[in-house]
Amino acid sequence: RQRQMCIRDSYQNRPDDRICTVSAERSDCSVTLPDGSVIRLTRSSQLNYPASFDDGNRTVHLTGEAFFEVSKRNGAPFTVTTVHDAEVVVRGTKFNLKAYDDSSDVETVLVEGAVDFRAAEHVVALHPGQKVSYNPTDNDLTLQTVNVEAELAARLRTFCLLYTSDAADEAR
């Protein structure tokens, strides 16, 4: 039976400058951010985010892979920075982002909503059902239409099983 195992650390520099780190070391896990956005990290992934989004700056950093369900906030875009200086700018949406340190490609699959993918001199607006792949070594960017269900089925099924199992455990 698979269990959720997350390690959460906070680093305190100043009271208003705290950064939280969530690491999914051995299995997938989930975190709800201060703005209500929910991020599901896959195993071996890490998310850094501010303890508060008070200044309207909603920027997080991902190393690894995660599925994002971002809360819409007018005038406060949500930005995910990654390795290889790629970033995704979001306006309330659901998407998957893969950006491992040891992987050459950064990939985003958009499920719903709208995102802009930025890397080097590339800027691409994604629509639901599209996937962008960026290879920083070759500075090559590819945009394609995909079957989102097929593309993300295994990952999303894992998350559903994890959270259904955890909810049943909590009800006991």
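Above this text sits the structure in question.
Residues numbered from 1 in each chain as written. Predicted model: local features only at pLDDT ≥ 70, side-chain atom pairs only at ≥ 80, totals over all residues. Heavy atoms only, no water.

### Concerning the overall build of the protein
Looking only at helices and strands, the protein features one helix and 14 strands. Here the protein, with 172 residues, has 44% of them falling under the buried criterion. Intrachain contacts of the protein at a sequence separation of at least 6 include 38% that bridge at least 24 residues. (Helix = DSSP H or I, 4+ residues; strand = E, 2+ residues; numbered from the N terminus. Buried < 20%, exposed > 50% of the residue type's maximum accessible area, 1.4 Å probe, protein only. Contact = heavy atoms within 4.5 Å.)

### A closer look at unusual backbone geometry
Non-glycine residue Ala120 carries a positive phi angle of around 50°. Of note, Ala120 is situated in the loop between strand 11 (115-119) and strand 12 (122-126). Backbone geometry places Asn139, a non-glycine residue, at a positive phi of 55°. Mapped onto the elements of the fold, Asn139 is located in the loop between strand 13 (130-135) and strand 14 (140-145).

### Here's the deal with the packing of aromatic side chains
Taken as a whole, this structure holds three aromatic pairs when the rule is applied. For the pair Phe68 and Phe78, a centre-to-centre distance of 6.3 Å together with 65° between the ring planes defines the contact as edge-to-face. Linking Phe68 in strand 6 (residues 58-69) with Phe78 in strand 7 (residues 78-82), this pair joins segments that are 10 residues apart in sequence. On the accessibility criterion, Phe68 (0% relative accessible area) is buried. Seen from their ring centres, Phe68 and Phe95 are 4.8 Å apart, and the 0° between their planes marks the pair as stacked. Of this pair, Phe68 sits in strand 6 while Phe95 sits in strand 9 (residues 94-99), and the two are 27 residues apart along the sequence. Its relative accessible area of 0% is what places Phe95 among the buried residues. (Phe/Tyr/Trp six-rings, centres within 6.5 Å; stacked < 30°, edge-to-face > 60°.)

### Quick word on the environment of Thr81
Mapped onto the fold, Thr81 is located in strand 7. Remark: the alpha-carbon pair of Thr81 and Thr63, spanning 18 residues in sequence, is separated by 8.8 Å. Setting aside residues up to four positions removed in sequence, Thr81 forms contacts with Thr59, Val60, His61, Leu62, Ala86 and Glu87.

### Focus on the pairing of strand 13
Buried residues dominate strand 13, accounting for six of its six residues. Alternating positions in strand 13 separate into two faces, Gln130, Val132 and Tyr134 on one and Lys131, Ser133 and Asn135 on the other, with burial throughout. As paired elements, strand 10 (residues 106-112) and strand 13 share four bridges and run antiparallel to each other. By the bridge assignment for strand 13, Val106 is matched with Tyr134. (Pairing = 2+ DSSP bridges.)

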